[in-house]
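# Descriptive structure summary
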Amino acid sequence: MSPHFPFTAVVGQGDLQLALLLNAISPRIGGVLVRGEKGTAKSTAVRALAALLPPVEVVVGCRFSCDPVQPDPACPDGPHEPAFETRPSRMVELPVGASEDRLVGALDIERALSEGVKAFEPGLLADAHRGILYVDEVNLLHDHLVDLLLDAAAMGASYVEREGVSVRHAARFLLVGTMNPEEGELRPQLLDRFGLTVEVAASREPDQRVEVVRRRLAYDDDPAGFAARWADEEAGVRQRVVAARELLPSVVLGDGALLQIAATCAAFEVDGMRADIVMARTATALAAWAGRTEVLAEDVRQAALLALPHRRRRNPFDAPGLDEDKLDETLEEFAEPPQNPQDPQNPQDSQNPQDPQDSQDDDDPDPGPDGPGGGGQPPAPETDGPQGGDGGGGSEAGEGVPAQAPAAGEQSAVRAAEPFRTKVLSVPGLGEGAAGRRSRARTEHGRTTGARRPRGTLTKLHLAATVQAAAPHQRTRGRSGPGLVVRRDDLRQATREGREGNLVLFVVDASGSMAARQRMGAVKGAVLSLLLDAYQRRDKVGLVTFRGSAAEVALPPTSSVDAAAARLESLPTGGRTPLAAGLLKAHDVLRVERLRDPARRPLVVVVTDGRATGGPEPVALAGRAARLFAAEGHASVVVDCESGHVRLGLAGQLAGELGGTAVTLDELRADSIAGLVRDVQGTQRTSGRAA
């Protein structure tokens, strides 16, 4: 097997390397979330880290890697024999399509019921104990899997319970998740559970890019030889990690540093206390990495840059990051005043006369070319991070007018009005798509609605149905005492109903009839509100716009609601209204997406005043395009943007031809009629029961 690319040979990712090493020194920090565009050595650095971790001693034959010095008393494989072996630290990868049983382990319910045996097959959490658990594209995992993963990482143990049969085992690991923000964000509650975060981007410096290519080609030509050339640097970092682990219990977090940590978290209005705790642990690990036994202000600053950016996001459209000027002002304001160690009024200072500047100068040097920095130097601010679905020059939400001048007959983009809480729009019927929070669906989690025979391995037992199936056969099976004789044919799988995420495809009219600045601002505010709702309900979103003589796909279906908000903000308006072209383009998008993700049901949201003026016979063409949607049964809603005292009701007619429903901008607000839930069904506008 070829050796991994050396950790110290990774070019230009000092912040990422430092965050990984800090977690290797102090796993209680809580892991690392690596955010960045594709092709930035995220996976390479994580895989290389495993080779730097010291080997571990494990009990021979234990599937849960118990420590022979302090074995887990609740280990399912215990009690253990006093024999141990040494093996390298593991790196376990969690695939995006993993099931819950693959992650936490599986209990054999059949044997538990029929034989009374607690048979447990360990999952990936058990494999990762005392090693690294790597989750690539963590933002694409189902939310309940991320919850289980982060709960285990926080508690250091995994609990598996099925129908009253439970198993617990230790699960302490270094958690590393990577994600491309273009593919969607994690919920803020889940972001907060990661200890540190790092933004990575490809360098724009030609010399550095040349060095990346040179090293990669050298590694591909001769992996073993390339690894051998970096062996000394790797050994140096490995020894330094071991030394920092040994020094960590001796590091002192003084009251001054603790005050700076608390003041920094308060200044950035971070929710909860997890950020303070993570910053304290990170600053302590930074001091140990630098070979010091005292936490300095520079450690607090670096800890803030790693622990706070992902926690200060107030809504999904806020870009992650930290105002470093504000950070420096806060640290300076709450810094301890310099005091004379010979002053008899301050005897406590005479016990530690070491100058902080001397401590900084004593930091260990960089362990290798472009390797992790010593002493926790602050990272350079990221300026070239991903800015949208195309990874290029899309405007961030809220930036206002695009740089280039609008074309003839086109008005420049206007700022969206403030978003608001919208009514619930859902797809009728019962789906089977990915877990979410919008429409009814058959899911693995939710309320039990019935029972069926299991297809394959039994995962969710319906106890009452199983007993009912087994009861008539007890006499023929020779039952002579209390209890129940259960066979495989009696087992019943519970069927459950929950909520799914949908594909919400926005079809936005950007023509001249929508171009009045105040009106378009309100329209963008409504779409932004629906995007925020889609983010909260775990939907995919897409954006089709039409104006002038054609329609275009402004954003193909994606999980990145941020990208959709950015495209919406920079959307110009003007020209005629090719409504038919917009509907046909949306139809093409849904046709392609059905091939990619057939289980995800679409909800089409058409934002228009209903006018059709582009091309020959525009009204007739728009009617035929709308009836095409109705024939295929796509759920749809028309947001009627018509204003003024005289209304033509064209949007309502369009909704009827689409087979959907229409709502005005005012009716879209959740507080216009308190608690109203509107389902997209039939051709009539209906109101649901109060939520």
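Residues numbered from 1 in each chain as written. Predicted model: local features only at pLDDT ≥ 70, side-chain atom pairs only at ≥ 80, totals over all residues. Heavy atoms only, no water.

## Points about the packing of helix H1 (residues 14–25) against helix H2 (residues 42–50)
Note the cut-off: Axes here mean lines fitted to C-alpha atoms, for a helix over just the part in contact, with angles spanning 0 to 180 degrees between N-to-C directions. Going along the chain from the N terminus, every DSSP run of H or I of four or more residues is numbered as a helix, and every run of E of two or more is numbered as a strand. Handedness of each helix crossing follows the sense of rotation of the near helix against the far helix: counterclockwise by less than a right angle gives left-handed, clockwise gives right-handed. Every residue pair with non-hydrogen atoms within 4.5 Å of one another is taken to be in contact. Amino acid classes used here: Ala, Val, Leu, Ile, Met, Phe, Trp, Tyr, Cys and Pro are nonpolar; Asp, Glu, Lys and Arg are charged; the rest, including Gly, are polar.
Two elements in contact, H1 and H2, have axes whose closest approach is 11 Å; the angle formed by their N-to-C orientations is 35°. Where H1 crosses over H2, the two elements pack in a sense that is right-handed. Contacts between H1 and H2 involve Leu 16, Leu 20 and Leu 21 from the first element and Lys 42, Ala 45, Val 46 and Leu 49 from the second. In terms of residue class, the contact of H1 with H2 is built from six nonpolar, no polar and one charged.

## Quick notes on the confidence of the model for the protein
Here is the rule: What pLDDT expresses is the predictor's confidence in each residue, scored from 0 to 100.
Residue-level pLDDT values for the protein average 81, and 82% of them are 70 or greater. Across residues 343–405 the pLDDT falls below 50, and counting only partners more than four positions away or on other chains, this stretch makes 111 contacts in the model.

## Regarding unusual backbone geometry
A negative phi angle characterises most non-glycine residues, just as the trans form characterises most peptide bonds. Of the consecutive residues Gly 78 and Pro 79, the connecting peptide bond is found in the cis state with omega at -5°. In this fold, Pro 79 is placed in the loop between strand E2 (56–59) and strand E3 (84–87). At Ser 65, a position not held by glycine, the phi torsion is positive, near 55°. At Arg 538, a residue that is not glycine, the phi angle is positive and equals roughly 65°. Along the chain, Arg 538 falls in the loop between helix H17 (517–536) and strand E17 (540–547).

## Some points on the environment of Asp 489
Its location among the elements puts Asp 489 in the loop between helix H16 (463–470) and strand E15 (493–500). Linking Asp 489 and Pro 454, residues 35 residues apart in sequence, is a C-alpha distance of 9.2 Å.

## Describing the nonpolar core
To keep things clear, this is the line we draw: Residue types Ala, Val, Leu, Ile, Met, Phe, Trp, Tyr and Cys, when buried and joined through side-chain atoms within 4.5 Å, form a set referred to as a nonpolar core. For each residue, the accessible area found with a 1.4 Å probe, counting protein chains only, is set against the maximum for its type, and the residue is called buried under 20%, exposed over 50%, and partly exposed in between.
Among the nonpolar cores identified, the biggest contains 57 residues, and Leu 20 and Leu 308 are the most heavily contacted of them. Counting residues per element, this core draws most heavily on helix H12 (residues 274–289), which supplies ten residues. Among the nonpolar cores identified, the runner-up in size contains 38 residues, and Ala 510, Leu 530, Val 561 and Cys 641 belong to it.

## Comments concerning the packing of aromatic side chains
Stated formally: In this analysis, rings of Phe, Tyr and Trp, with Trp reduced to its six-membered ring, are considered paired at centre separations within 6.5 Å, and the interplanar angle assigns stacked below 30 degrees, edge-to-face beyond 60, and tilted for intermediate values. The criterion is that NZ of a Lys, or CZ of an Arg, lies within 6 Å of the ring centre and within 35 degrees of the ring normal, and then a charge sits over that ring.
This model, assessed by the stated rule, comprises five aromatic pairs. For the ring pair Phe 64 and Phe 120, a centre distance of 6.2 Å and an interplane angle of 10° mean the geometry is stacked. Here the residue Phe 64 occupies a position in the loop between E2 and E3, and Phe 120 occupies one in strand E6 (residues 120–121), the gap between them amounting to 56 residues. Assessed through its relative accessible area of 2%, Phe 64 is described here as buried. Under the relative-accessibility criterion, Phe 120 is labelled buried at 7%. Grouped by ring-pair contacts, the aromatic residues Phe 5, Tyr 219, Phe 226 and Trp 230 constitute a single cluster. The ring of Trp 289 has Arg 240 lying over it, and the distance from NZ or CZ to the ring centre is 3.7 Å. Sitting over the face of the ring of Phe 268, Lys 326 holds its NZ or CZ atom 4.9 Å from the ring centroid.

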